[in-house]
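For reference, the chains in residue letters:
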Protein chains: 2
Amino acid sequence: MQTRAAVAFGAGTPLEVTKVELDGPRAGEVLVEIRATGICHTDEFTLSGADPEGLFPAILGHEGAGVVVEVGEGVRSVAPGDHVIPLYTPECRECPSCLSRKTNLCTAIRATQGRGVMPDGTSRFRTLDGAPVLHYMGCSTFSNFTVLPEIAVARVRPDAPFDKICYIGCGVTTGIGAVLNTARVEEGARAIVFGLGGIGLNVIQGLRLAGADMVVGVDLNPARRAWGERFGMTHFVNPAEAGGELVPWLVNLTRTPFDPIGGADYTFDCTGNVEVMRAALESCHRGWGVSVVIGVAPAGAEIRTRPFQLVTGRVWKGTAFGGARGRTDVPRIVDWYMDGKIEIDPMITHVLPLERINEGFDLMRRGESIRSVVVY
Amino acid sequence: MQTRAAVAFGAGTPLEVTKVELDGPRAGEVLVEIRATGICHTDEFTLSGADPEGLFPAILGHEGAGVVVEVGEGVRSVAPGDHVIPLYTPECRECPSCLSRKTNLCTAIRATQGRGVMPDGTSRFRTLDGAPVLHYMGCSTFSNFTVLPEIAVARVRPDAPFDKICYIGCGVTTGIGAVLNTARVEEGARAIVFGLGGIGLNVIQGLRLAGADMVVGVDLNPARRAWGERFGMTHFVNPAEAGGELVPWLVNLTRTPFDPIGGADYTFDCTGNVEVMRAALESCHRGWGVSVVIGVAPAGAEIRTRPFQLVTGRVWKGTAFGGARGRTDVPRIVDWYMDGKIEIDPMITHVLPLERINEGFDLMRRGESIRSVVVY
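One structure accompanies this document, and this report is about it.

What counts and what doesn't
Residues numbered from 1 in each chain as written. Chains lettered and ligands numbered in written order. Predicted model: local features only at pLDDT ≥ 70, side-chain atom pairs only at ≥ 80, totals over all residues. Heavy atoms only, no water. Contact = heavy atoms within 4.5 Å. Salt bridge = Lys/Arg side-chain N within 4 Å of Asp/Glu carboxyl O. Helix = DSSP H or I, 4+ residues; strand = E, 2+ residues; numbered from the N terminus. Pairing = 2+ DSSP bridges. Expected span 1.5 Å × (residues − 1). Bend = angle between axes of the 7 residues up to and from the residue. Buried < 20%, exposed > 50% of the residue type's maximum accessible area, 1.4 Å probe, protein only. Phe/Tyr/Trp six-rings, centres within 6.5 Å; stacked < 30°, edge-to-face > 60°. Lys NZ or Arg CZ within 6 Å of the ring centre and 35° of its normal. Core = buried A, V, L, I, M, F, W, Y, C linked by side-chain atoms within 4.5 Å. Polar contact = N/O pair within 3.5 Å; in protein donor to acceptor, adjacent residues only side chain to side chain. Least-squares fit on C-alpha atoms with pLDDT ≥ 70 in both.

Section: the interface of chain B and chain A
Argument step 1. Listed per partner, the contact involves 42 residues of chain B and 42 residues of chain A.
Argument step 2. Run the count over chain B and chain A and you get six salt bridges.
Argument step 3. Residue K102 of chain A pairs with E186 of chain B through a salt bridge whose shortest N-O separation is 3.0 Å.
Argument step 4. At the level of elements, α2 (96–99), α9 (274–282), β15 (303–305), α10 (308–311) and β16 (315–318) of chain B are the ones that each hand at least two residues to the side of chain B that touches chain A.
Argument step 5. Of the residues forming the side of chain B that touches chain A, the biggest block, four residues, is contributed by β16 of chain B.
Argument step 6. Summarising the sheet, strand β15 (residues 303–305) of chain A and β15 of chain B pair through three bridges and their orientation is antiparallel. Note on β15 of chain B: the bridge partner recorded for I303 of chain A is T305 of chain B.

Next up, the structure:
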């Protein structure tokens, strides 16, 4: 079949909206009509050429929602008509990772997904000239129709709006999951969130959900103060106003008469900047503070600190897709949205048709959007 | 009173065994007759001058056992005649850290201990000329008699031999505690221990206690293979024989037909070398591997890695005194020794009188001892 898609023909060039050929689903695969897709920094990371593992030409996009149109041989868990969210972190429930009960990082199709192909080693996409076009993060939601492995779709309730729940396919789940699954923040905790973009704000609403008492937001952009407060931030710190000594400033902010040591129980890096990651670790409380790296760093960048920071009880960890198991946890997060437990609508600052997808990237680069969503 | 002590008069010079003046215990303090003390790398770290916070002249030593001789005003938890192990990590049970239920790093007397004085800001030691001599790590077990805060002694059963249980004052508890308290290793785990000295061997016996299935020991010294096997090591790797690619070698070693990803569930750095700490983290299993830093790094040294290592599920943490609460957990470890649950005797490779304490340092520097113990 033919479908409309925004194709990334090379690094550093705008996406090209065009028709492409799409083969139908093979065994264990499903054909999904994408109804809406968010534009995420990770798409930009690859499109810009900064991702050393980026491959072209490819159809980017990994934060979508849509409807199953057709299923391949042997597919049992979804059927045509089902509403689904594509999963760049699949959940096979059979691999050592899924069976470990310790991680969401299913490894069933990791190798082929990284090469931009389906588990059988081939792509379903071609240009109209027949030249191969690669998949991206196993999703390629910048195509109106796409093919995914059965284990890479989460079935969700049919009354949830596509143009909102697509955000659960990455940003919402990553932010909230980092709090609930990875950090396991408890009631009354003190937390610091570095970077109040599309991930950071979801960390903040995750902290509100978890019952944190103190939620400090850190961002260089003063406009983000109002955004943070909108979702539960209790204190805002602009590093430019902290006198160049951000860590002591933050530690001091978290001090109490009972606890003169200070430091956050939990910190979250949502910037991808390795210097910020270090500040996030070192802002943690001596003895038990946990710092979670969420942001994706530039190629080759390294985090560093004195080991004394760890020996005195700070813990450095990271999260991918918020530690969420896609097929198990994503439907529940959709329920939370529909039940009003979490918010999404105000974060969707821009809605665009596919033809204007490059504008969405521009808005993100300029820091003017929280989330732009493309609707088909 | 006067007491015999090995005094460190300056960095890089041998200890000087001499008589010193010792004031009696003030309020909240106890006078302890030290019967035996281990010699630990941390003493050497300070004596060598490598520790930027090292102060001189001081009486080093922090791994001892002895008998309470006299108690100061208000002391209720111990009495003369009680057998005790001095604690460089005290346990006041009242500070925010002790009450957090999340850390053993009591902060009640941290500031004064770091300055080499008692909580009231003064030292109990003087030379016979009246020149001040500092305490060390709140213990100073290289003195036959020493004064400690009440919260810095663990009362232990009286039938346990001093020349063995002194090792519980640091090395044994640090190694076993890193496994049980910090990593919380579960039955059946696969673990790698870097550095098979006095700490590493105790990590190994901690892993045996925890029921680990695979216990890989890594050391450049081939003589340490037999030592590791003595306490439960199942595999030995000499990095010199791993072709310069230690991490892939170790990951490969931990692969199984069921789990082709490989990597250890838990790794422990017992070297203090920041490059080894990185290898320890990166040898962890994707998705859930936990690496625990135990070793003390040189001043200014930094650990580093790509944040991708954390984002894909590895956790970097550290431990001090094995996460053990001194007054609560140390008596239990003494019981474990007396009950035969853990071994200490074979690790005490050398026993020396105080006059030969510098020989103990030489043996340690040359890697010829596991633990030298000085008996008074």
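Let's pick the thread back up.
What to know about helix α5 (residues 171–183) of chain A
Residues and elements named next belong to chain A.
Argument step 1. Taking 1.5 Å of rise per residue, 13 residues should cover 18 Å, and α5 covers 17 Å from first to last C-alpha, within 8% of that figure.
Argument step 2. Maximum bend of α5: about 50 degrees, positioned at G177.
Argument step 3. Across the 13 residues that make up α5, a large majority, 11, are buried.
Argument step 4. Among all positions in α5, only G171, V172, T173, T174, G175, I176, G177, A178, V179, T182 and A183 are buried.
Argument step 5. The elements touched by buried residues of α5 are α6 (200–210), β13 (266–269), β14 (290–293), β16 (315–318), α11 (326–338) and β18 (371–375).

Describing the packing of aromatic side chains
Argument step 1. With the rule as written, the count across this model stands at six aromatic pairs over all chains.
Argument step 2. Geometrically, the ring pair formed by W227 of chain B and F231 of chain B is stacked, given 6.4 Å between the ring centres and 5 degrees between the ring planes.
Argument step 3. Judged by its relative accessible area of 23%, W227 of chain B falls in the partly exposed class.
Argument step 4. The ring centre of F231 of chain A lies 5.2 Å from the NZ or CZ of R230 of chain A, which sits over that ring.

Remarks on the pairing of strand β5 (residues 83–86) of chain A
Sheet faces and side chains relate simply in a regular strand, where the side chains alternate between the two faces.
Residues and elements named next belong to chain A.
Argument step 1. Neither face of β5 is exposed, since H83 and I85 on one face and V84 and P86 on the opposite face are all buried.
Argument step 2. As defined by bridge partners, strand β4 (residues 64–71) adjoins β5 across two bridges and the pair is classed as antiparallel. Across the sheet, V67 pairs through a bridge with H83, a residue of β5.
Argument step 3. Alignment of β5 against strand β9 (residues 153–156), held across four bridges, turns out to be antiparallel. Across the sheet, the residue bridging to V84 is R155, located in β9.

Let's talk about the nonpolar core
Nonpolar side chains in soluble globular proteins generally cluster together in the buried interior.
Argument step 1. If you look at the biggest cluster of nonpolar residues, it comprises 191 residues, and the most contacted ones within it are I168, L207 and F268 of chain A together with I168, L207 and F268 of chain B.
Argument step 2. Not counting the four nearest positions on each side in its chain, L207 of chain A is found in contact with V179, V185, A191, V193, A212, V215 and F268 of chain A.
Argument step 3. Judged by nonpolar contacts, the second largest core, of 24 residues, contains L281 and I303 of chain A together with L310 and A320 of chain B.

A closer look at the sheet that holds strand β6 (residues 125–127) of chain B
Argument step 1. Strands sit in the order β1-β2-β6-β7 (chain B) across an open sheet of four strands; the sheet is antiparallel. Of all strands in the sheet, those bounded by a partner on one side alone are β1 (2–7) and β7 (132–133) of chain B.

Points about the side chain of T319 of chain B
Argument step 1. You can see T319 of chain B is positioned in the loop between β16 and α11 (326–338).
Argument step 2. In this structure T319 of chain B comes out as buried when scored by relative accessible area, which is 3%.
Argument step 3. A polar atom in the side chain of T319 of chain B sits 3.2 Å from the backbone nitrogen of G323 of chain B.
Argument step 4. Once you skip the residues sitting within four places of it in the chain, T319 of chain B turns out to touch L310 and V311 of chain A together with A178, T182, V292, V293 and I294 of chain B.

Section: the relation of the copies chain B and chain A
Argument step 1. At an RMSD of 0.0 Å, chain B and chain A line up after a rotation of 180 degrees and a shift of 0.0 Å along the axis. In short, the pair behaves as if placed about a two-fold rotation axis. Closest approach to the rotation axis within chain B is made by the C-alpha atom of R304 of chain B, at a distance of 2.1 Å.
Argument step 2. Interface residue correspondence from chain B to chain A reaches 100%, placing this contact among same-surface, isologous pairings.

Observations regarding the sheet that holds strand β7 (residues 132–133) of chain A
Residues and elements named next belong to chain A.
Argument step 1. With antiparallel pairing, the four strands of this open sheet are ordered in space as β1-β2-β6-β7. Each of the sheet's edge strands pairs with one partner strand only, and the pair in question is β1 (2–7) and β7.
Argument step 2. Here β1 pairs with strand β2 (residues 16–22) via six bridges, running antiparallel. Residue pairing across strands places V7 opposite E16, the latter belonging to β2.

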